[in-house]
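Now for the letters of each chain:
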Number of protein chains: 4
Amino acid sequence: MLGFDLPRRLTAEALGTAILVATVVGSGIMAENLTRDVALALLGNTLPTGAILVVLITILGPVSGAHFNPAVTLVFALRRELPIAEAASYAAAQILGGIAGTIIAHLMFALPMIDLALKVRTGGALWFAEWVAAFGLVATILGGLRFAPSAIPWLVGLYITAAYWFTASTSFANPAVAIARALTNTFAGIRPWDLPGFIVAEVIGAVCALALMTWLLQPGSVGVNSSKAELQP
Amino acid sequence: MLGFDLPRRLTAEALGTAILVATVVGSGIMAENLTRDVALALLGNTLPTGAILVVLITILGPVSGAHFNPAVTLVFALRRELPIAEAASYAAAQILGGIAGTIIAHLMFALPMIDLALKVRTGGALWFAEWVAAFGLVATILGGLRFAPSAIPWLVGLYITAAYWFTASTSFANPAVAIARALTNTFAGIRPWDLPGFIVAEVIGAVCALALMTWLLQPGSVGVNSSKAELQP
Amino acid sequence: MLGFDLPRRLTAEALGTAILVATVVGSGIMAENLTRDVALALLGNTLPTGAILVVLITILGPVSGAHFNPAVTLVFALRRELPIAEAASYAAAQILGGIAGTIIAHLMFALPMIDLALKVRTGGALWFAEWVAAFGLVATILGGLRFAPSAIPWLVGLYITAAYWFTASTSFANPAVAIARALTNTFAGIRPWDLPGFIVAEVIGAVCALALMTWLLQPGSVGVNSSKAELQP
Amino acid sequence: MLGFDLPRRLTAEALGTAILVATVVGSGIMAENLTRDVALALLGNTLPTGAILVVLITILGPVSGAHFNPAVTLVFALRRELPIAEAASYAAAQILGGIAGTIIAHLMFALPMIDLALKVRTGGALWFAEWVAAFGLVATILGGLRFAPSAIPWLVGLYITAAYWFTASTSFANPAVAIARALTNTFAGIRPWDLPGFIVAEVIGAVCALALMTWLLQPGSVGVNSSKAELQP
């Protein structure tokens, strides 16, 4: 706890979400420009996203917590580690930062600043995928906080690397990023009217993970344990 | 040793194996949907699997040991670090979790919950490959436990990343995962009647590695050593 | 601070920049020789560059600081951590080392030692992309120095891995490397007369990041902080 | 220094080199079977090799030093950290282990145990590339030993990941591995009569790196140092 004031913390959340979205959108544009193989494009979208997450969480985490994600901020608010008012301002900073990220990516690639997405992403299977994606993300963060706090930048980067591929929705898992992606009609885009389904699924997934992990990692669960076979002591 | 009770440990084994299988199967489906180049599909299957293993072993290892694999559980039982009864319940949790993982992947991609695989994976060469895959996995775990316990999540993730490519069988190396993969007729599938050959080879490979590594890393093997040339002191 | 003398520090800067440029140029030639898919070629250019940066900064950082980049050296000079005269000699060593790197790559691939690039890289969008690329690089370095100094080799390697894809210019972000890349008419090349635009954008981006991060990470910004929700304590 | 006896150390060198070669050869066969894009095949060869090196050096380094490479063993012998007789037995174990690795890979893929390579790899440019590859490898090891010993498994894995792409020869950099690769007529093969050029270049490159790094990292080089700008303190 280094004690940064709220303006700096909100700046960190906005800056981090902006760079994150610029990476997601920008690498998607780059990939789409360079190849017709969609798997290769997804790979060119996945590796930069995972890599930048490790960087951003390492350099901004000590300032603001490096949530970059209203669903994650909600989890910390529910854990009473962030006052409601601050959580709301975090979410606003994340959404504004995310939109800035899309604009930055568009300017770098000489596209119009904003271009509403036409890409359809809807239906029960994709909503379930977003539920899974957010559940896994929050489980990763809470497990990491408990057992390996210094590894969290890596854990989140690796989790998202995996989730881009194993979820049918390519794992948005983040309402602020989802909103920002509605403003780009490129590889990473999502139709604006498909946002509500994604956001609801993400929030429910995050809360479910909070519930399960709170029980699973309960500090009071110490008992007689006959096993010494931990892979990670 | 944080001392989690058996219900939590079994939950961790089931949850971890479910997410692992959902990643293996889900990323295989995603890859197959996006490209016709099988090497690219295998890459899209490899990176998520390696990445999620680092995450899962880090966040669940301190709870249950993060075996996610009956062959690994057997090794710890043979080392008398896990009672037989608990080892059996671990294996059951892993198998049930694995099956749940296949179902989760199918639901995300809007496929039938279960679909028996038709993919043939049999014959002496593939059985030898599975022997090698499991041998290497257990050698990695035992070497890591001895010299770099905190690195085990990375070692296992990297080992599997390599073994997907250097073994002809793409390294199942895990009876619970193999069973779960028999229930999906997609990229990662294996014909149910090819399971016994794979499982027997995996178990023998794991036990052979236990034997060799027990000798090689024997604590009593300290002697006059004239070399100072360790790469890893 | 291990206290290496100036000749050794300049050698380290020249050697590191040479190997970095040999990697950038050499892997670009290799990739271009092996595939017609440009996304795949960029991937074959990205992974080696990110990987070698981790290595070079780890093994040469304690000698010279491992800048390998006049824009980074300028930032440290502005922070008064490097005298102007030494900064100038650093930049000279970096430029000479970079040129040597291009020659080494060409000799390995049996090309003429020097071959001026014809590849056009100019215009406002690309200059903005270079501004972003250098801004992000310096933010990464300064944030890392403050919160995770031992992770800097990884942070820089991962940042460049991401920036190769999310910036429209594939993130040169380095005047010395840009100059060296003007001497190769291969995948990584840049027309010599496009250099000034890139270099100016890079220097401005670096200085802007210094300004923002100096404020954001200001040591005196400790106050009453109601949040405990850091991902990275 | 854990003090393992010579039989265990030689076993570790043979086992490690066998798994390393099985990975290089096996992943090459897998890649060649799955795609016609040679860049993708090289990627499918690179990632497993880099990954397995991290694993093998971590788990076997404390036993034998994890050289797996006669050129590296020679460097430690020249540094008088390994007696000549032991160095010779190390090299023999590495060569025998490497040959076993090729055989293991062939058996997994149902190929004849041994099949002499027809792939031509010769000429001044490739010899220079092997000189560079071995120079960089030994510089990486010696720099790592000096400043970040626990990171050496990662440094070597990352260096080889880069060198597969930036050297025109795809960085054999290892006489034992080169000999083993002469016995496979697949992706990773090298014509037996091209071996001497490669091996001579590798040995000279290793010795040159020893000379330069001994000077550069000289412990006595402490002086008045006006810079505080290390990226890696």
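Every value quoted in this text rests on a predicted model; they were computed, and no experiment measured them. (Residues numbered from 1 in each chain as written. Chains lettered and ligands numbered in written order. Predicted model: local features only at pLDDT ≥ 70, side-chain atom pairs only at ≥ 80, totals over all residues. Heavy atoms only, no water.)

Q: Sorry if this is basic, but what is going on with the overall build of chain A here?
A: Along the backbone of chain A there are eight helices and zero strands. Reading chain A from its N end, one meets helices and strands in the order α-α-α-α-α-α-α-α. Across its three principal directions, the C-alpha atoms of chain A cover 60 × 40 × 30 Å. Of the accessible surface of chain A, which amounts to about 7100 Å², a share of 71% is contributed by carbon and sulfur atoms. (Helix = DSSP H or I, 4+ residues; strand = E, 2+ residues; numbered from the N terminus. Areas by Shrake-Rupley, 256 points an atom, 1.4 Å probe, with all protein chains shown as cover.)

Q: Can you walk me through the interface of chain C and chain D in this structure?
A: Frequently, the measure chosen for interface size is the accessible area removed from exposure when the parts meet. Taken together, the 55 residues of chain C in the interface contact 48 residues of chain D. Summing the contributions of chain C and of chain D, the shared interface buries around 4500 Å²; its carbon and sulfur component is 74%. Remark: the boundary between chain C and chain D carries zero salt bridges. Put simply, chain C and chain D have four residue pairs in polar contact (both at pLDDT 80 or more) between them. Elements represented by at least two residues in the side of chain C that touches chain D include exactly helix H1 (6–34), helix H2 (38–64), helix H4 (84–108), helix H5 (124–147) and helix H6 (152–166) of chain C. Within the side of chain C that touches chain D, the residues separate by chemical class into 38 nonpolar, 12 polar and five charged. (Contact = heavy atoms within 4.5 Å. Buried area = accessible area lost by both parts, 1.4 Å probe. Salt bridge = Lys/Arg side-chain N within 4 Å of Asp/Glu carboxyl O. Polar contact = N/O pair within 3.5 Å; in protein donor to acceptor, adjacent residues only side chain to side chain. Nonpolar A, V, L, I, M, F, W, Y, C, P; charged D, E, K, R; others polar.)

Q: Is there a simple way to explain the relation of the copies chain C and chain D in this structure?
A: Each of the two chain copies goes to the other by way of a rotation about an axis and a shift along it. For the pair chain C and chain D, the relating rotation is 90 degrees, the translation along its axis is 0.0 Å, and the fit reaches an RMSD of 0.0 Å. Interpreted geometrically, this transformation is the action of a four-fold axis. Taking the C-alpha atom as reference, chain C places C:Leu40 closest to the rotation axis, 5.2 Å from it. Little of the interface of chain C is mirrored in chain D: 7% of its interface residues are interface residues there too. (Least-squares fit on C-alpha atoms with pLDDT ≥ 70 in both.)

Q: Explain the interface of chain D and chain B here, please?
A: On the chain B side, the residues contacting the 55 residues of chain D number 48 residues. Summed over both sides, the interface between chain D and chain B buries roughly 4500 Å², with carbon and sulfur atoms accounting for 74% of that surface. Here chain D and chain B share four residue pairs in polar contact (both at pLDDT 80 or more) between them. Elements supplying a minimum of two residues to the side of chain D that touches chain B: helix H1 (6–34), helix H2 (38–64), helix H4 (84–108), helix H5 (124–147) and helix H6 (152–166) of chain D. By residue number, the principal contributor to the side of chain D that touches chain B is H2(D), which donates 16 residues.

Q: For this particular structure, what's the right way to read the relation of the copies chain D and chain B?
A: Its rotation angle being 90 degrees, the transformation that places chain D on chain B also includes 0.0 Å of axial translation and leaves an RMSD of 0.0 Å. With a heterologous cut-off of 20% or less, the 7% of interface residues of chain D that recur at the interface of chain B puts this contact in the heterologous class.

Q: I would appreciate a short explanation of the pattern of salt bridges in the present structure.
A: A pair can form between side chains of opposite charge whenever their charged atoms are brought close. Residue and element names in this part refer to chain C. With the rule as written, the count across this model stands at 16 salt bridges over all chains. In this structure, the salt-bridge partner of Asp 5 is Arg 8, at a minimum N-O distance of 3.0 Å. Relative accessible area serves as the criterion here: at 26%, Asp 5 is assigned to the partly exposed category. (Buried < 20%, exposed > 50% of the residue type's maximum accessible area, 1.4 Å probe, protein only.)

Q: It is not clear to me how the packing of aromatic side chains should be interpreted in this structure. Could you clarify?
A: Where two aromatic rings form a pair, the distance of their centres and the angle of their planes describe that pair. Residues and elements named next belong to chain A. Per the stated rule, a full pass over the model turns up 24 aromatic pairs over all chains. When the ring of Phe 128 is compared with that of Trp 131, the centres are 6.1 Å apart and the planes differ by 10 degrees; the resulting orientation is stacked. Placement of both Phe 128 and Trp 131 in helix H5 (residues 124–147) is noted, with a separation of three residues, approximately one turn of the helix. Here the guanidinium or amino end of Lys 119 rests over the ring plane of Phe 187, the centre of that ring lying 5.0 Å away. (Phe/Tyr/Trp six-rings, centres within 6.5 Å; stacked < 30°, edge-to-face > 60°. Lys NZ or Arg CZ within 6 Å of the ring centre and 35° of its normal.)

Q: Please explain the UniProt feature "transmembrane region" (unreviewed entry) in chain A as it appears in this structure.
A: Mapped onto the present numbering, the UniProt feature "transmembrane region" (unreviewed entry) falls at residues 12–31, 90–114, 126–145, 152–173 and 193–217 of chain A. For residues 126–145 of chain A, helix accounts for 100% and strand for 0%, while the C-alpha atoms at its two ends are 28 Å apart. (UniProt positions renumbered as here; feature names shortened; annotations may be inferred.)

Q: How do you make sense of the confidence of the model for chain A when you look at a structure like this?
A: As a note on interpretation, predicted positions should not be read in detail where pLDDT is low. Residue and element names in this part refer to chain A. The share of residues in chain A with pLDDT of 70 or more is 93%, and the mean pLDDT across the chain is 94. Taken together, the stretch residues 222–233 has pLDDT below 50 and engages in 43 contacts with residues farther than four places along the chain or on a different chain. Our summary of model confidence lists the complex with pTM equal to 0.95 and ipTM equal to 0.94. (pLDDT = per-residue confidence, 0-100.)

Q: Which parts of the structure should I look at to understand the arrangement of the chains?
A: Separated in space, chain B and chain C share no contact, their closest pair of C-alpha atoms being 10 Å apart. Across the gap from chain A to chain D, with no contact made, the nearest C-alpha atoms are 10 Å apart.

Q: I would appreciate a short explanation of the nonpolar core in the present structure.
A: Grouped burial of nonpolar side chains is what soluble globular proteins tend to show. Within the largest apolar cluster, 303 residues are counted, with the highest numbers of intra-cluster contacts made by A:Tyr159, B:Tyr159, C:Tyr159 and D:Tyr159. In this view, A:Tyr159 contacts A:Val132, A:Ala133, A:Gly136, A:Leu137, A:Thr140, A:Phe166, B:Ile52 and B:Val55; residues no more than four positions away in its chain are not counted. (Core = buried A, V, L, I, M, F, W, Y, C linked by side-chain atoms within 4.5 Å.)

Q: Even after reading the chapter, I still don't get the side chain of A:Ser171, so can you show me in this structure?
A: The residue A:Ser171 is located in the loop between helix H6 (152–166) and helix H7 (175–181) in this model. In contact with A:Ser171, other than residues within four places in its own chain, are A:Glu130, A:Ala133, A:Ile160, A:Ala163 and A:Tyr164.

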